[in-house]
Amino acid sequence: MSRVCYRVCQGVRIEPKAEGGHRIVVPGSDRVIQLDSSAVAPLLMVDGWRSTDEILFRFGLSGVSIPQPTLENIIRSLASVGVLEEVETEWLDLEIFPWPEHLCEGCGASCQGHWVGPLQPEFIARTLSRMEGLRKKHPQLVGKKPFVRVSPEDSALYLNSQSGQCLFLDDRMGCILHSEFGAEGKPTICQKFPHVRVEDGHSTRLGVGVQCLKHFKQVLGRQPVASERCWRVQNEKLDGRLYQYFPPRELVGSQDDLLQTVLEAEDGVFAMLHQVVGSKLRPSRADVPRRLESQAMDQLARLEADLREDPMVRSVSTCTGVYPERLRALRALARKDPFTQRVPLPVKSAEPGRTTGRVLVLNDALARFLFLRQTLLYSDLEHAMACFVLGLWVALRLCPPGEEGDEQFGEVLATWHRALQGPSARQALFAEQGDAVRFLGTFLRFWRGR
Ligand code: SF4
C-alpha cells in the first residue's frame, strides 16, 4: 500500500541569497529560480514522506495557515520546472496495538466544534449534484450552503459548520450524508474520524484518538481486542492523504519506554508521573490540594482566554449534545462560575487491587496518547504530560464519584483533548519555564497521597 508524496529532485540545490530569499538551481538547466522565504518553508518539508495534507497539518501545528490551493500551486509549479517530483511512498509496516475496534455511538461530537476540510474536489462535486434531492427530504438544508470558506485568504472549501456544528448533522445526531449514501457519502476526513494514523520513520501506527467522546466505553465494557486483520482493513480503507508524519529525528526514545511503563502498571498515571518528574521532586510542606487547585485554575484561566477568542468555540457552546454540554462545563469551571459542580478529588476504590473504571479509562487514554505520538504535538514531553494531567484534574473536578460519574469522566477527558486540538490552545498552557514540571510535581504528590 502506498501514498502520493513529493520530494526535491536529485541534484536540485536550494541556496540562500545574501540579499534575502533563496535561489534554486536545477541540474542540467541554466534556469535559476528565485523564491522568497514564505515559498521556501513548504519546500523544506517536501521530503518524500509527506502528502500536501500532512504538510498543511504540520504548518498548522506551528500556527501558520497556508491555504491548500496556494500550497498545491507552489508544489505544481515547482514540479513543472523540475524542482519537485511526485513519488509513490510505501507505507511502513503497520504496528498493531491490542485495542478494541471503534464502534461509533453516533453522539455527534465529531461533527461539532470544528471546521471539516479542506474538502476534496470530487466530494464537493458529488455532493453538489445531490443537494437538490437532499433539500427535498431534509428541510433543514433548504437555503443553506453546504460548503463555506473559513478565511478570505483561503479559497479551500469546508463543510458548513457556521452554527457550531455541521449542516448535515440531524436532530438525532446522525449524519444525513451517511444515512442517505453510506459512509462513502461523507468526506474522507469524516470516514477517518476518530482514527489517528501516524508515520514516524519506523512504522505506521493506527488507533482511536483521545478526542473520541465515547471510545472509552469499549474499554469500560471490556470489549475484546480487535484482530490484526481488522486494523489492516481499517488502515487500507483510510484516505492515503490523511495521516500525521513525525520524522525519526523528532522521536525521543524515552517516549516508547514511557509507553511500556504505563502498559505494565496497574496505575498508568502514577507510573508516568514517577518516570517523568519523580526524580525532580524536592521536599515540600505545601498544602498539596490547595496548591494543585491554584496551579490548575491558573492554567485553566489561560486556556479560557484562548478559547473565548475562537468563534467556533463560541458557536458550539450554543449547540445541544454531549460535547457542547461537556465543553460548557469545562469552560464554566475555568471561569470559576459559582454554580459549577465541583467534586472532591479521591478516585481510588475502597477495595485495594480492584481497578476502578476510571483507572481503566485513564490507562487506556494515556496509552493511546503515547502510542499515537500525540506528545509530539506539544513543546516537549513535560508539556504534553502536564496538559494530559490537567485534563485529568478537570475530569476529577467535574465528575461525581461512582459508576454514574465514570461515563461523564470518559467524556470530559475526551472533551479536554478536543479543546486542545488547536495549536494556540496547547501553547496557552504551561507557557512559563518550569510551569509544567511544577504542576506535574504537585500532581504526583496529590496522586500519591490520595
Ligand atoms: S458530513 Fe456527516 S459525519 Fe461529516 S461532519 Fe457532517 S454530519 Fe458529521
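Small disclaimer: the values here were computed from a predicted structure and weren't measured. Every chain is numbered on its own, with residues counted from 1 as its sequence reads. A pLDDT threshold of at least 70 governs which residues receive local features in this predicted model, and a stricter bar of 80 or more applies before side-chain atom pairs are shown or counted, although totals over entire chains, interfaces and linings include all residues. Heavy atoms throughout the structure, all of them, feed into the side-chain values; hydrogens and water do not.

Q: Describe the overall build of the protein, naming the residues involved and giving the relevant values.
A: Secondary structure is summarised from DSSP: a helix means a run of H or I of at least four residues, a strand means a run of E of at least two, and numbering begins at the N terminus for each. Along the backbone of the protein there are 18 helices and eleven strands. Radius of gyration (C-alpha) of the protein: 23 Å, near the 22 Å computed for a compact globule of 450 residues. In terms of overall dimensions, the protein has a C-alpha envelope of 75 × 60 × 45 Å along the principal axes. Note on exposure labels: buried denotes an accessible area under 20% of the residue type's maximum, exposed denotes more than 50%, and partly exposed covers the range between, all computed with a 1.4 Å probe on protein chains only. With 450 residues in all, the protein has 54% of them scored as buried. Contacts between residues were defined by any pair of non-hydrogen atoms, one from each residue, lying within 4.5 Å. Looking at the protein alone, contacts between residues at least 24 apart form 75% of all its contacts between residues at least 6 apart. Here the open area of atoms and residues is found with the Shrake-Rupley method and a 1.4 Å probe, where only the protein chains shown may cover a residue. Carbon and sulfur atoms form 52% of the exposed surface of the protein, whose accessible area is close to 20600 Å². The quantity called the radius of gyration is restricted to C-alpha atoms. Its globule counterpart is 2.2 Å times the number of residues to the power 0.38.

Q: Tell me about the side chain of Gln-295, residues and numbers included.
A: Mapped onto the elements of the fold, Gln-295 is located in helix α11 (residues 288–307). Aside from chain neighbours lying at most four places away, what touches Gln-295 is Arg-438, Phe-439 and Thr-442.

Q: Just give me the short version of the confidence of the model for the protein, but keep the residues and values in it.
A: Detailed conclusions should not be drawn from predicted coordinates in areas where pLDDT is low. What pLDDT conveys is the predictor's confidence in a given residue, as a value from 0 to 100. When the pLDDT values of the protein are averaged, the result is 87; 92% of them are 70 or greater. In the model, residues 347–353 has pLDDT below 50 throughout and makes nine contacts with residues more than four positions away in sequence or in other chains.

Q: Which residues make up the site of the ligand, and what values go with them?
A: We call a residue near a molecule or strand when any one of its heavy atoms sits within 4 Å of it. Looking at the ligand, the residues that line it are Cys-111, Leu-159, Cys-166, Phe-168, Leu-169, Cys-175, Leu-177, Lys-186, Pro-187 and Cys-190. Amino acid classes used here: Ala, Val, Leu, Ile, Met, Phe, Trp, Tyr, Cys and Pro are nonpolar; Asp, Glu, Lys and Arg are charged; the rest, including Gly, are polar. Here the shell around the ligand is built from residues that sort into nine nonpolar, no polar and one charged.

Q: So what's going on with unusual backbone geometry? Residues and values would help.
A: That bond from Gly-117 to Pro-118 is cis: its omega, -5 degrees, falls within 30 degrees of zero. At the junction of Phe-193 and Pro-194, the peptide bond is cis and its omega measures out at 5 degrees in the coordinates. Among the structural elements, Pro-194 can be located in the loop between α6 (188–192) and β9 (195–199). Phi is positive for Arg-222, close to 50 degrees, though the residue is something other than glycine. Locating Arg-222 in the fold gives a position in the loop between α7 (216–220) and α8 (228–237).

Q: Let's hear about the domain arrangement of the protein: which residues, and what values?
A: For each domain, the first and last residues come from an automatic or database assignment. Domain assignment breaks the protein into domain 1 (3–89), domain 2 (109–237) and domain 3 (249–449). For domain 1 versus domain 2, the separation of C-alpha centres amounts to 29 Å. Between domain 1 and domain 2, the contact holds seven residues from the first and seven residues from the second. For the pair domain 1 and domain 2, the summed buried area comes to about 540 Å², and 50% of that belongs to carbon and sulfur atoms. Here's the idea: put two parts together, see how much 1.4 Å probe accessible area each one loses, and the total over both is what we call buried area. For the domain 1 face of the interface with domain 2, the top three residues by lost area are Pro-67, Gln-68 and Pro-69, together amounting to 58%. The term salt bridge refers to a pairing of a side-chain nitrogen on Lys or Arg with a carboxyl oxygen on Asp or Glu at a separation within 4 Å. Counting across the domain 1 and domain 2 interface gives one salt bridge. Notably, a salt bridge pairs Glu-199 with Arg-3, separated by 3.4 Å at the nearest N-O pair. Counting residues per element, the ones that place at least two in the side of domain 1 that touches domain 2 are α2 (52–61) and α3 (68–80). A breakdown of the residues in the side of domain 1 that touches domain 2 according to their chemical character gives four nonpolar, one polar and two charged.

Q: An account of helix α10 (residues 268–277) is requested, with residue identities and associated values reported.
A: With seven of its ten residues buried, α10 lies for the most part within the structure. Gly-268, Val-269, Ala-271, Met-272, Leu-273, Val-276 and Val-277 are the residues of α10 that are buried. Here a polar contact means two N or O atoms within 3.5 Å. Within protein one must be a hydrogen donor candidate and the other an acceptor candidate, and residues neighboring in sequence count only if both atoms are side-chain atoms. Sitting at the head of α10, Asp-267 places a side-chain oxygen 3.3 Å from the backbone nitrogen of Val-269.

Q: So, the sheet that holds β9: which residues are in play, and what are the values?
A: Between any two strands, pairing holds if DSSP finds at least two bridges. Taken in spatial order, the four strands of this open sheet run β6-β10-β9-β11, and their pairing is mixed. Both outer strands of the open sheet, β6 (94–95) and β11 (244–245), are each paired with one neighbouring strand and no more. For β9 and β11, the ladder comprises two bridges, and the chain directions are parallel. If you follow Val-198 over to β11, its bridge partner there is Gln-244. Axes here mean lines fitted to C-alpha atoms, for a helix over just the part in contact, with angles spanning 0 to 180 degrees between N-to-C directions. The strands touched by α8 are β6, β9 and β10 (204–208); relative to β10, the strand with the most contacts, the crossing angle is about 100 degrees.

Q: Would you mind going over helix α13 (residues 322–334) in detail, with residue names and values included?
A: Because an α-helix packs 3.6 residues into every turn, residues spaced three or four apart end up facing the same way. Over its 13 residues, α13 runs 18 Å from end to end, which matches the ideal 18 Å to within 8%, given 1.5 Å per residue. If you follow the buried residues of α13, they end up packed against α11, α12 (311–316), α15 (381–398) and α16 (403–419). Remark: Lys-336 follows α13 within two positions and exhibits a positive phi of approximately 60 degrees. Here, expected helix span is obtained from the residue count minus one, scaled by 1.5 Å.

Q: Explain the environment of Ser-155 to me, using residue names and the numbers behind them.
A: Take Ser-155: it is sitting in the loop between β7 (147–148) and β8 (158–159). Its relative accessible area of 40% is what places Ser-155 among the partly exposed residues. Leaving out residues up to four positions away in the same chain, Ser-155 has contacts with Pro-67, Pro-69 and Arg-149.

Q: Which residues make up the pattern of salt bridges, and what values go with them?
A: With the rule as written, the count across this model stands at 27 salt bridges. Here Glu-132 ties to Lys-136 by a salt bridge, and the two come within 3.5 Å at their closest N and O atoms. Note that Glu-132 and Lys-136 are positioned in helix α4 (residues 121–137) at a spacing of four residues, about one turn of the helix. The same class applies to Glu-132 and to Lys-136, which are both exposed. The salt bridge partner of Arg-368 is Asp-364, with a shortest N-O separation of 2.8 Å. Of this pair, Arg-368 and Asp-364 both sit in helix α14 (residues 357–371), four residues apart, which is roughly one turn of the helix.

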